[in-house]
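Summary of structural features
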Amino acid sequence: MVLVAIVLATLAAGIGSVWLAAWLLRMGLGGREGGVGPQHLLSLAAGALLATAFMHLLPEAFESTVAPHALFTTLLVGLVFFFLLDKAELWHHGHEHGAGPEGSDGTALHGHGHDHGHDHHHHGHAHPHAPPRAGGWAILTGDGVHCFGDGILIASAFAADLRLGLAAALAVLAHEVPHHMGDLVVVRQSSDNRRAALLKVSLAGALTVLGGLAGHFLVEQLRGWLPFFLVVAASSFVYVALADLIPQLQRRLDVRQTAIQVSWLLAGIVLVTLVSGLAHGGHAHEGHGHGPSGHDGHAVSAPAPG
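Quick caveat, the model's predicted, so the values are computed rather than measured. (Residues numbered from 1 in each chain as written. Predicted model: local features only at pLDDT ≥ 70, side-chain atom pairs only at ≥ 80, totals over all residues. Heavy atoms only, no water.)

**Digging into the overall build of the chain**
- Helix and strand counts for the chain stand at eight helices and zero strands.
- Secondary structure elements in the chain, listed N-terminal to C-terminal, are α-α-α-α-α-α-α-α.
- Residue burial in the chain is summarised as follows: out of 306 residues, 53% are buried.
- Contacts in the chain between residues at least 24 apart in sequence constitute 84% of all its contacts with a sequence separation of at least 6.
- Put simply, the chain shows about 13700 Å² of open surface, and 67% of that area lies on carbon and sulfur atoms. (Helix = DSSP H or I, 4+ residues; strand = E, 2+ residues; numbered from the N terminus. Buried < 20%, exposed > 50% of the residue type's maximum accessible area, 1.4 Å probe, protein only. Contact = heavy atoms within 4.5 Å. Areas by Shrake-Rupley, 256 points an atom, 1.4 Å probe, with all protein chains shown as cover.)

Written as structure tokens, this is what we have:
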């Protein structure tokens, strides 16, 4: 049952997010003033990621018998690890590679001069017509690695609890949609065949499922380390939200636009909370109040590192 849930959730988060991104591009998202745009989706994704990390993954991990110092150390190591992956361009997405997703009029969706000053590589946004490196394959490689990692994180969350798994999958889906929009546009720049571009990005997204399967069997074998897996998943979500998504939202806006942006951020938090609550209502969470548990509902005590 858990394996089926992992496969379905990773399919939705991996390939489903690519198809949703393609559909939004086809509908001309961002091409009309006043409509829902990528900045709104980025706000929604940031809220979903932060809510999943701080309201679900970390509390579940800290309810285990593992010493808090060990978990906080894992959180710190995780943040540094994802920073290093980011520097290697394996965890970052297509926002810094050439043009952002295009609206129906062909203009970059991220628009407004891309003046957020937080771009990690100091290129791309300032040169919206820069050719993608290696025909977009550099982006697809990084995207594939990221998606495989997302699958492992989702599987780790499902191993702890159904609610956690659904919340994690939703958070991944929310932040992958705007990123895949960027990926699709960059890959399309190297080919006029839109179907080929969709297939390439979908294959990268499919690695989420492989990551989920690998994570399922990995966590099953190392169930005592589940609290640490949850903290690593949380560190990934926190890093992506604070280092990737939110810096793209830190532009000077008027009061109305700022209120809308904050509203979408809060909507992401509420969405994760609602999905978690619905899952909790339909799932008998045995012995609630324990930490990550085995199938028998008993709390797992994980060994401390070293």
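**A few points about the nonpolar core**
- In this structure, Leu49, Leu57, Ile154, Leu226, Leu230, Phe237 and Leu245 are the most contacted members of the largest nonpolar core, which totals 50 residues.
- Elements that contribute at least two residues to this core include exactly α1 (2-26), α2 (38-62), α3 (68-87), α4 (137-160), α5 (162-189) and α7 (226-249).
- Non-local contacts of Leu49, meaning those with residues more than four positions away in its chain, are made with Ala171, His175, Phe237, Val240, Ala241 and Leu245. (Core = buried A, V, L, I, M, F, W, Y, C linked by side-chain atoms within 4.5 Å.)

**With respect to α7**
- Here α7 is 24 residues long and its end C-alpha atoms lie 33 Å apart, about the 34 Å a rise of 1.5 Å per residue gives.
- Of all the bends found along α7, the most pronounced is centred on Ala241 and spans about 35 degrees.
- The element α7 is largely enclosed, with a buried count of 22 among its 24 residues. (Expected span 1.5 Å × (residues − 1). Bend = angle between axes of the 7 residues up to and from the residue.)

**Quick notes on the packing of α5 against helix α6 (residues 194-221)**
- Between α5 and α6, whose axes approach to 9 Å, the crossing angle comes to 135 degrees. Of the possible angle classes, the one that applies to α5 and α6 is oblique. As α5 runs across α6, the sense of the crossing is right-handed. Facing α5, whose interface residues are His180, Asp183, Leu184, Val187 and Arg188, α6 presents Arg194, Ala197, Leu198, Lys200 and Val201.
- Class assignment of the residues belonging to the contact of α5 with α6 gives a composition of five nonpolar, one polar and four charged. (Axes fitted to C-alpha atoms, helices over the stretch in contact; angles between N-to-C directions. Parallel < 35°, antiparallel > 145°, perpendicular 65-115°, else oblique. Left-handed = near helix turned anticlockwise from the far one by under 90°. Nonpolar A, V, L, I, M, F, W, Y, C, P; charged D, E, K, R; others polar.)

**Here we look at the packing of aromatic side chains**
- Enumeration according to the criterion identifies three aromatic pairs in this entry.
- When the centroid spacing of 4.9 Å and the interplanar angle of 55 degrees are considered together, the rings of Phe62 and Phe72 count as tilted. With Phe62 in helix α2 and Phe72 in helix α3, this residue pair connects regions lying ten residues apart in the sequence.
- Measuring from centroid to centroid gives 5.4 Å for Phe81 and Phe82, while their planes differ by 65 degrees, and the two rings are edge-to-face.
- Assessed through its relative accessible area of 4%, Phe82 is described here as buried. (Phe/Tyr/Trp six-rings, centres within 6.5 Å; stacked < 30°, edge-to-face > 60°.)

**So, the environment of Ala233**
- Assignment of secondary structure puts Ala233 in helix α7.
- The spacing of Ala233 and Leu153 is 80 residues in sequence and 5.2 Å in space, taken between C-alpha atoms.

**Some details on the environment of Val209**
- With respect to the secondary-structure elements, Val209 resides in helix α6.
- Expressed as a C-alpha distance, the spacing of Val209 and Gly149, which sit 60 residues apart in the sequence, is 10.0 Å.
- Those residues in contact with Val209 that sit more than four places away from it in its chain are Thr10 and Leu11.

**Some remarks on the pattern of salt bridges**
- Using the criterion set out here, one finds two salt bridges in the structure.
- For the salt bridge of Arg163 with Asp161, the shortest nitrogen-to-oxygen distance reads 2.9 Å. Both residues of the pair, Arg163 and Asp161, count as buried. (Salt bridge = Lys/Arg side-chain N within 4 Å of Asp/Glu carboxyl O.)

**A word on the confidence of the model for the chain**
- Per-residue pLDDT for the chain averages 74, and the proportion of residues at 70 or more is 68%.
- Low pLDDT (under 50) marks residues 93-135, which in the prediction has 90 contacts with non-local residues, meaning those over four places away or in another chain.
- Within the model, pLDDT remains below 50 along residues 282-306, and this stretch shows 58 contacts once partners closer than five positions in the same chain are excluded. (pLDDT = per-residue confidence, 0-100.)

**A closer look at α6**
- Taking 1.5 Å as the rise per residue, α6 with 28 residues should run 40 Å; its terminal C-alpha atoms sit 42 Å apart, in good agreement.
- For α6, the complete set of buried residues consists of Ala197, Val201, Ser202, Ala204, Gly205, Thr208, Val209, Gly211, Gly212, Gly215, His216 and Val219.

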